[in-house]
Amino acid sequence: MNLWVVLAVNSITLGGLLFLLSAGFSLIFGLMKIPNLAHGSFFMLGAYFATSLIARGFNFWAAALVGGLLVAAFGGIVERLILRRLAGAELAQVLVTLGLSFMVADVCLMVWTGDPIRIDTPRGLRGATSLLGLGFPTYRLAISLIAVIFAAALWALLDRTRLGAMIRAGVDDPSMARVVGIRVSRLFTIVFCLGAWLAGFAGVIGGPILSVYPGLDQEMLPLALVVVILGGSGSLLGSLVGSFVVGFLYNFGQAMFPELAYVVLFLPMLIVLVVRPQGLFGRQAL
Amino acid sequence: MRRLASTAALAILAAVPLWVGGTFYVNIASQILFYAILALGVNVLVGHAGLVTLGHAGLFGIAAYAAAKIMNAGYGHVTVATGALLVTLVAAAIFAVLALRGTGLGFVMITVALGQIVWGVAYRWISLTNGDNGISITGRPSPLGLSLTTPARFYWATLIVFVIAVISMAIFVASPFGASVRGTRDQPRRMNALGYHVWMIRFLAFLFSAFWSGVAGLLYLYYNQFVSPQAVALTASAEALLMVIAGGSATLLGPIVGAGLVVLIKNVASGYIERWNFVLGAIFVAIVVFMPEGLVPGVARLARRVRGR
C-alpha cells in the first residue's frame, strides 16, 4: 500500500515538473511551429545556473527566479539572432535547435564538469507533511502546488489578458493576426522567452529531486515531446493532462516493468497518434 | 566524362589502403564508407521523399544488435546478415506505419520518439541488450572463406558493398519509382489526384532507406565487433542527418561527401579539439545559417559563378 502512495506522489511531482517544461514547449510549438529541440537544454541550463547562483550565496527561490530569467534571456537571444531568420523553414529549425542543444550540453560539461550536482531542498520545505493521516515529502507537495499555481496563472494569462488574446490569435491564424495589427514577430520573442523561462524555472525546482548532471537535457526532452504529442500542441489543458499521464506512466512503468519503462512510456503516445494524430486536446482552444 | 570520373574515383577508392599510410587511416576510410551507406539511406527519406527522420540510428542499431544476437547464438554469416536485415525491415515497417501518420514536423517528432524507444530498450532492457555494457561479438565473419580481419581486407569488402549501394541509389534516382517519391515530396496532393498511392510510395521509400541503414549497421558491427546504446542515441541520428544536410540532400554525391566530412572531423579533429559535440552543434548551426543547400550544391553553385565570369 505504502509503495503505491509513494509512487503516486512521485508521479504527481514529475507531472508537475513536466507541465512547467512542456507548457513552454507546447506554446512555442503551437504559436511559432518551432519544434524546439533545445528545450531540454533550457531545463538543464536553468538547473546549472541555479547551482552556481546558490554556490554564490543566493537563496533557493531567488536562484530559481534569476536562473529562469537567465535562461529566458538566452532563449530570447537565440530567437532574435538565429530562429528569426528561419521562419517557416521547419527542417532548418530542427537542425539549429538540435545543434544548439549539443553546444549547450558540451559547454555545461566544460563549465560544471561531469559530476552530478545536488541542489539542496529549500530549508522550509524539508521533511514530511502529514496529510489525511499519511506522511508526504513536503518539497514534492510544494512542486505539485507550484505546477497548479502556474497552470492557473498561465490560463489566466492566455484567457484573460490582452497579451493572451494576441497569443491565441497568433496560434489560430498568424497571417490574420498580422492583418489586424498584432506584431507577431515581437509576440514570438515574448512567447519564446516565456517558454524558455518556464523550462529553466522547472529545471531549478526539479534540481533537488533529480539532481543536475550531463544528459539531463536528453532525458527531459523526449518526455516533453511525449507530453505534447499526447496532449496536442498549443493546448494548455493538453499539456496539463499529458504531463500527469506521463508522470504516472514513467514512475509506475519504472517500478513495475523496470526493463521496459521506456516502452510503457511511449506506447500510449503511439496509440494516441494512431487513433488521434492531433493529440487528445489538439484542436481545442487554448 | 561522367563514366570516366566514376571509374577514376573507384580506382582511387580501391587503392586507398595502398597509398594511405597506417591502419588508422584505412580504418577511418572504412568508417567513411559505411557511414556513407547510412547517409545514402537516410537521404532517400530526407532528400527525395522530403521526410526528415531523426530516428534512423534506431534502425542502424537494430540491425547491429540483431546481427550480434544471431551471431552469438552461433549462426553463420549468411544467416546473420539476412536475419539482421529482415529484423530491420520488420522494425522499419512498424516505424513507417507509425511515422507516416504525420508529415513534416509530425514525422520528425515521431521518429525522434521511436528512436528514443529503441535507445530505451538498448539501455534498459538489460537481459536482451546487456544495457550500457553493450554486446561484443567474437570476430569478423569470413564471407566465401575470405578473412576480413586485416583493416585493408575489411575496407575492400566495405567498398564492394558501398559500390553496390551507390549503384542502387543511382538506379533509384533515375527510376520511375524515384521520380514518384520526389513527386510525393513536391506535390503530394497532385500525386494523389493522378492516382498514385502516396502512402504506399512513402512506405516503400522508408523500407528502401531502412534497408541500407541496416546494411550500414551490419558493417558497423563487423567493424567494431561491438555495439552499445551509444550507436542508437539521438546524437547518432543527428550525425546521420548532418551528413546528408552538410553534403547536400537529394544529390548522390552529397551524403557521401557529408559522411566523409563528419567522420573525418570526428576522428581527426577530435584528436585536437576535445569538444566534438560542440563542433557538431556548431557545424549544424553554421550550415543552416550560411549554406542551407549543403556543401556539394553550394560548391557547385560557386563553381558555376566562377566559370560564368
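Cut-offs and rules
Residues numbered from 1 in each chain as written. Chains lettered and ligands numbered in written order. Predicted model: local features only at pLDDT ≥ 70, side-chain atom pairs only at ≥ 80, totals over all residues. Heavy atoms only, no water. Axes fitted to C-alpha atoms, helices over the stretch in contact; angles between N-to-C directions. Helix = DSSP H or I, 4+ residues; strand = E, 2+ residues; numbered from the N terminus. Left-handed = near helix turned anticlockwise from the far one by under 90°. Contact = heavy atoms within 4.5 Å. Nonpolar A, V, L, I, M, F, W, Y, C, P; charged D, E, K, R; others polar. Core = buried A, V, L, I, M, F, W, Y, C linked by side-chain atoms within 4.5 Å. Buried < 20%, exposed > 50% of the residue type's maximum accessible area, 1.4 Å probe, protein only. Buried area = accessible area lost by both parts, 1.4 Å probe. Salt bridge = Lys/Arg side-chain N within 4 Å of Asp/Glu carboxyl O. Disulfide = S-S within 2.5 Å. Expected span 1.5 Å × (residues − 1).

### Focus on the packing of helix H5 (residues 77-99) of chain B against helix H6 (residues 105-124) of chain B
Residue and element names in this part refer to chain B.
In step 1: It is at 9 Å that the axes of H5 and H6 come closest, and there the two elements cross at 145 degrees. For H5 against H6, the interelement crossing comes out right-handed. Each of Phe95, Leu98 and Ala99 in H5 lies in contact with H6, whose residues at this interface are Phe107, Ile110, Thr111, Leu114 and Val118.
In step 2: Looking at side-chain class alone, the contact of H5 with H6 contains 7 nonpolar, 1 polar and no charged residues.

### Comments concerning the nonpolar core
Burial of nonpolar side chains together is a common tendency in soluble globular proteins.
Residue and element names in this part refer to chain B.
In step 1: Ranked by internal contacts, the top residues of the largest apolar core, which has 199 residues, are Tyr35, Leu54, Phe206 and Val227.
In step 2: For this core, the leading source of residues is helix H3 (residues 23-49), giving 17 residues.
In step 3: Those residues within four positions of Phe206 in sequence are excluded, and the remaining contacts are Leu45, His56, Leu59, Ala92, Phe95, Ala96, Ala99 and Phe107.

### What about the interface of chain B and chain A?
In step 1: Every contact between the two is made by 37 residues of chain B and, on the other side, 40 residues of chain A.
In step 2: When the buried surface of chain B facing chain A is broken down by residue, Leu105, Met109 and Arg124 of chain B rank first, second and third, together holding 20% of it.
In step 3: Between chain B and chain A we count 0 salt bridges in total.
In step 4: Those elements that place two or more of their residues in the side of chain B that touches chain A are H6, helix H7 (126-129), helix H12 (234-247) and helix H14 (276-290) of chain B.
In step 5: No other element matches H6 of chain B, which puts 13 residues into the side of chain B that touches chain A.
In step 6: Partitioned by chemical class, the residues of the side of chain B that touches chain A number 27 nonpolar, 7 polar and 3 charged.

### Topic: the state of the cysteines
In step 1: Counted by the stated rule, this structure contains 0 disulfides over all chains.
In step 2: Left without a disulfide partner, Cys108 of chain A is nearest to the cysteine sulfur of Cys193 of chain A, which lies 18 Å away.

### Thoughts on the pattern of salt bridges
Residues and elements named next belong to chain B.
In step 1: With the rule as written, the count across this model stands at 4 salt bridges over all chains.
In step 2: Glu239 is the partner of Lys266 in a salt bridge, and the nearest nitrogen-oxygen pair spans 3.0 Å. Note that Lys266 is positioned in helix H13 (residues 253-272) and Glu239 in helix H12, a separation of 27 residues in sequence.
In step 3: Classification of Lys266 by relative accessible area gives partly exposed; the value is 30%.

### Considerations on helix H11 (residues 198-224) of chain B
In step 1: Spanning 27 residues, H11 of chain B covers 39 Å between terminal C-alpha atoms, matching the ideal 39 Å at 1.5 Å per step.
In step 2: Just past H11 of chain B, the residue Gln225 of chain B takes up positive phi, approximately 55 degrees.

### A look at the environment of Leu158 of chain A
In step 1: Along the chain, the position of Leu158 of chain A falls in helix H5 (residues 138-160).
In step 2: Expressed as a C-alpha distance, the spacing of Leu158 of chain A and Leu236 of chain A, which sit 78 residues apart in the sequence, is 9.2 Å.

### With respect to the environment of Ile135 of chain B
All names here are of chain B.
In step 1: Within the secondary structure layout, Ile135 lies in strand S1 (residues 135-136).
In step 2: Taking the relative accessible area as the measure of exposure, Ile135 reaches 8% and is therefore buried.
In step 3: Taking the C-alpha atoms as reference points, Ile135 and Pro229, separated by 94 residues in sequence, lie 9.6 Å from one another.

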